[in-house]
Amino acid sequence: MTPIKVRVSVVDVAIEIGSGVFEVDTKLGGWDNITAGYLIRGDAPLLIEVGSQSSVDTVLDELSNIGLGAGDLAGIALTHIHLDHAGGVGDIANAFPNATIYVHERGARHLADPSRLISSAETVYGEKLDTLYGRLLPTDASRIRVVGDGDEIRISTNHTVEVINSPGHAKHHLGYFDNVSGLVFTGDAAGVLLPEIRLLRPATPPADFDLASALSSLRRFKEYSPIALAFAHYGVYGSPEELLDEAIESLISWATVAERAYLDGDDIESALYAQFNLEAGEIAQEAIERFDTLNGIHSNAQGLKIWLERGGASQSAIGEHHGHAH
């Protein structure tokens, strides 16, 4: 069995949890420790997250190094179809012709016909679409399997991965629980926690962000009593109960600042920037730039603004969420 590196507080501790789970650095933009996929070994190996299309060669090399041949991968599970998580799925599916692709029902049609998704991405990312992310090849619809809350993906006898409906970041977001390793794979639902930054920042992008759904999703993760959390951005972290509480508090803090600015007629992005911007100093400027590229205040502000314009939550509603945080 290969040990999983579980990141705890400010030190790295390698522990053996007997899981057969491999962390795959998908290296968005060529950067280390920014975007992760996870391979679960067994009779029917499963890859959770594939990274962007620009990451495909890296992912294929890493899977080959682990010992996975073209006929070996049985499944690819996507937390959601944002390009940094799923942009490479068409290419990876072509490389592993026996793999079934698991996705939320709202995402399935975009995998089969990604034209609308790519058009939207062009508007959002501009030139970064091709220079950083790449695009998305269509996936044969016959290989796509829609999954939802409570469905199970079989890895081996008595080894399954359970699907957890976890909207908030996106309506079509799923988490996954591995009953052998005890890991919950959070996608973007618990936010972004990069090893070189060590700051948990929520991910509240347009256009689906919803505070109540996001908080409910985090509480669902708690119900599984995971041994650790596997973040797409980035890595495996211990102390999951405390970390999920921190994610809840962080979401509430960002939503509170955004709502106060919105009600006062102030600029939401400026208010968030004043409260949550990272300053160069102890953290390298290059690390901050990578963090902001992946999960910038601008994008989060847009998502919070759209949520507030749709009705959002009142101050008392945010207070109510806060009361349920623990």
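Worth saying up front: this structure is predicted, and the values here are computed from it rather than measured. (Residues numbered from 1 in each chain as written. Predicted model: local features only at pLDDT ≥ 70, side-chain atom pairs only at ≥ 80, totals over all residues. Heavy atoms only, no water.)

**What about the packing of helix α8 (residues 240–264) against helix α9 (residues 268–276)?**
Item 1. As a packed pair, α8 and α9 sit with axes 8 Å apart at the nearest point and diverge in direction by 135 degrees. Looking at the two axes, α8 sits oblique to α9. For the pair α8 and α9, the sense of crossing is right-handed. When α8 is examined against α9, the residues Ser253, Trp254, Val257, Ala258, Ala261 and Tyr262 are found in contact with a partner set consisting of Ile268, Ala271, Leu272, Gln275 and Phe276.
Item 2. Its residues placed into classes, the contact of α8 with α9 shows nine nonpolar, two polar and no charged. (Axes fitted to C-alpha atoms, helices over the stretch in contact; angles between N-to-C directions. Helix = DSSP H or I, 4+ residues; strand = E, 2+ residues; numbered from the N terminus. Parallel < 35°, antiparallel > 145°, perpendicular 65-115°, else oblique. Left-handed = near helix turned anticlockwise from the far one by under 90°. Contact = heavy atoms within 4.5 Å. Nonpolar A, V, L, I, M, F, W, Y, C, P; charged D, E, K, R; others polar.)

**Quick word on helix α7 (residues 211–223)**
Item 1. Counted at 1.5 Å a residue, the expected span for α7 with its 13 residues is 18 Å, and the 19 Å between its end C-alpha atoms agrees.
Item 2. All buried positions along α7 are accounted for by Leu211, Ala214, Leu215, Ser217, Leu218, Arg220, Phe221 and Lys222.
Item 3. At the N-terminal end of α7, a side-chain oxygen is found 3.4 Å from the backbone nitrogen of Ala212, two or three residues along, and the residue is Asp210.
Item 4. Positive backbone phi, approximately 45 degrees, marks Ser225, located one or two places after α7. (Expected span 1.5 Å × (residues − 1). Buried < 20%, exposed > 50% of the residue type's maximum accessible area, 1.4 Å probe, protein only. Polar contact = N/O pair within 3.5 Å; in protein donor to acceptor, adjacent residues only side chain to side chain.)

**A closer look at the sheet that holds strand β6 (residues 75–77)**
Item 1. Taken together, six strands build an open sheet; the order of strands is β3-β4-β5-β6-β7-β8 and the sheet is mixed. At either margin of the open sheet sits one strand with a lone partner, and together these are β3 (21–25) and β8 (144–146). The average undirected angle you get between the axes of adjacent strands in this sheet is 25 degrees.
Item 2. Its contacts with the sheet put helix α1 (residues 56–66) on β3, β4 (36–40) and β5 (46–48), and the angle it makes with β3 is roughly 150 degrees. (Pairing = 2+ DSSP bridges.)

**Some points on the packing of α9 against helix α11 (residues 297–309)**
The axes of two packed helices give the description: the angle between them and the distance between them.
Item 1. At a minimum axis separation of 9 Å, α9 and α11 run at an interaxial angle of 130 degrees. Here α9 lies oblique to α11, going by the angle between them. Crossing of α9 against α11: the hand is right-handed. Between α9 and α11, the residues in contact are Ile268, Glu269, Leu272, Tyr273 and Phe276 and Ile297, His298, Ala301, Leu304, Lys305 and Leu308, respectively.
Item 2. Of the residues belonging to the contact of α9 with α11, the class tally is eight nonpolar, one polar and two charged.

**Digging into the environment of Tyr234**
Item 1. Assignment of secondary structure puts Tyr234 in the loop between β13 (228–231) and β14 (235–237).
Item 2. Using a relative accessible area of 2% as the deciding quantity, one classes Tyr234 as buried.
Item 3. Along the primary structure Tyr234 and Ala36 are separated by 198 residues, whereas in three dimensions their C-alpha atoms are 6.0 Å apart.

**Regarding a negative patch on the surface**
Item 1. Taken together, the side chains of Asp264, Asp266, Asp267 and Glu269 define an acidic patch exposed on the protein surface.
Item 2. Relative to the helices and strands, Asp264 is located in helix α8.
Item 3. With a relative accessible area of 54%, Asp264 lands in the exposed category. (Patch = residues over 30% accessible without salt bridge, like charges linked within 9 Å, V, L, I, M, F, W, Y side chains within 5 Å. Areas by Shrake-Rupley, 256 points an atom, 1.4 Å probe, with all protein chains shown as cover. Salt bridge = Lys/Arg side-chain N within 4 Å of Asp/Glu carboxyl O. Lys, Arg positive; Asp, Glu negative; His and termini not counted. Charge placed at Lys NZ, Arg CZ, Asp CG, Glu CD.)

**Considerations on the nonpolar core**
Item 1. Formed by 63 residues in total, the largest nonpolar core has its most connected members in Ile76, Leu78, Tyr176 and Phe185.
Item 2. Setting aside residues up to four positions removed in sequence, Ile76 forms contacts with Leu46, Leu47, Val50, Val89, Ile92, Ala93, Ala99, Thr100, Ile101 and Tyr102.
Item 3. Counting 36 residues, the second largest nonpolar core, distinct from the first, contains Ala189, Phe231, Ala247 and Ile297. (Core = buried A, V, L, I, M, F, W, Y, C linked by side-chain atoms within 4.5 Å.)

**What to know about the packing of aromatic side chains**
Item 1. Taken as a whole and judged by the stated rule, the model has five aromatic pairs.
Item 2. Note on Phe231 and Tyr237: the rings are 5.5 Å apart at their centroids and 75 degrees apart in plane angle, and the pair reads as edge-to-face.
Item 3. Overall, Tyr237 belongs to the buried group, its relative accessible area being 5%.
Item 4. Arg201 extends its terminal NZ or CZ atom over the ring of Phe291, reaching a point 4.5 Å from the ring centre. (Phe/Tyr/Trp six-rings, centres within 6.5 Å; stacked < 30°, edge-to-face > 60°. Lys NZ or Arg CZ within 6 Å of the ring centre and 35° of its normal.)

**Quick notes on the pairing of strand β9 (residues 152–156)**
Item 1. Note that β9 and strand β10 (residues 159–165) share four bridges and pair antiparallel. Residue pairing for β10: Glu152 is matched across the bridge by Glu162.
Item 2. In sequence, β9 turns back onto β10 through a hairpin of two residues, with Asn158 there showing a positive phi of about 65 degrees.

**Focus on the pattern of salt bridges**
Item 1. Scanning the model with the defined rule gives nine salt bridges in all.
Item 2. A salt bridge links Arg154 to Asp43, with the shortest nitrogen-to-oxygen separation between them at 3.9 Å. With Arg154 in strand β9 and Asp43 in the loop between β4 and β5, the pair connects residues that are 111 residues apart, well separated along the chain.
Item 3. Exposure remark for Asp43: the relative accessible area of 58% places this residue in the exposed category.

**Some thoughts on α1**
Item 1. Turning to α1, its buried residues number three or more, namely Val56, Val59, Glu62 and Leu63. The buried residues of α1 occupy an angular sector of 130 degrees when the element is viewed end-on, so they sit on one face. Along α1, the residues that are exposed and aim more than 90 degrees away from the buried face are Asp57 and Asn65.
Item 2. Buried residues in α1 make contact with β3, β4, β5 and α3 (89–95).
Item 3. Gly67 sits one or two residues past α1 and shows a positive phi near 110 degrees. (Arc of directions from axis to C-beta.)

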